[in-house]
Amino acid sequence: MSADTRAAAITALARYSALVGPSEMHEPLNWQASDLMTDLLLGFDPATADLILHRVRRDYDAEHRDIPPVLPPAC
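Analysis parameters
Residues numbered from 1 in each chain as written. Predicted model: local features only at pLDDT ≥ 70, side-chain atom pairs only at ≥ 80, totals over all residues. Heavy atoms only, no water. Helix = DSSP H or I, 4+ residues; strand = E, 2+ residues; numbered from the N terminus. Expected span 1.5 Å × (residues − 1). Contact = heavy atoms within 4.5 Å. Polar contact = N/O pair within 3.5 Å; in protein donor to acceptor, adjacent residues only side chain to side chain. Patch = residues over 30% accessible without salt bridge, like charges linked within 9 Å, V, L, I, M, F, W, Y side chains within 5 Å. Areas by Shrake-Rupley, 256 points an atom, 1.4 Å probe, with all protein chains shown as cover. Salt bridge = Lys/Arg side-chain N within 4 Å of Asp/Glu carboxyl O. Buried < 20%, exposed > 50% of the residue type's maximum accessible area, 1.4 Å probe, protein only.

S.K.: Would you mind showing me how to read helix α3 (residues 29-41) here?
M.R.: Think of an α-helix as 3.6 residues a turn; residues three or four steps apart then line up on the same face. Taking 1.5 Å per residue, 13 residues should reach 18 Å; α3 reaches 18 Å between its end C-alpha atoms and fits that length. Buried residues in α3 make contact with α1 (3-20), α2 (22-25) and α4 (46-63).

Dropping the structure here:
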């Protein structure tokens, strides 16, 4: 993951939380991330959403060991 990719992801999460409303900004960061991902997936038909989830899991499993986390752990 490049620094640009990481910055883009964090910026997208912050922008999403700000646009959804003040109550979202007071939720734990991990819930905000979950809400963003759910809302993105709901924009696709169920079969495509399942394909995306499968690919996300595969990519995450392959890459997470090599990338140090920068966001706080779940509350």
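Alright, that's what it looks like, and here's the rest.
S.K.: Looking at this structure, how should I read the environment of E24?
M.R.: Along the chain, E24 turns up in helix α2. For the pair E24 and D35, spaced eleven residues apart in the sequence, the C-alpha separation amounts to 9.1 Å. Residues in contact with E24, not counting those within four places in the same chain, are Y16, S17, W31, Q32 and D35.

S.K.: Just to check I follow, could you spell out α4 for this structure?
M.R.: The first and last C-alpha atoms of α4 sit 26 Å apart over 18 residues, in line with the 26 Å expected at 1.5 Å per residue. Looking at where α4 begins, the residue whose side-chain oxygen comes 3.2 Å from the main-chain nitrogen of A47 is D45.

S.K.: Looking at this model, I keep getting lost on a nonpolar patch on the surface. Mind explaining?
M.R.: Taken together, the side chains of I10, V70 and L71 define a hydrophobic patch exposed on the protein surface, amounting to about 230 Å² of accessible area. In this structure, L71 sits in the segment after α4. By relative accessible area, L71 is classed as partly exposed at 40%.

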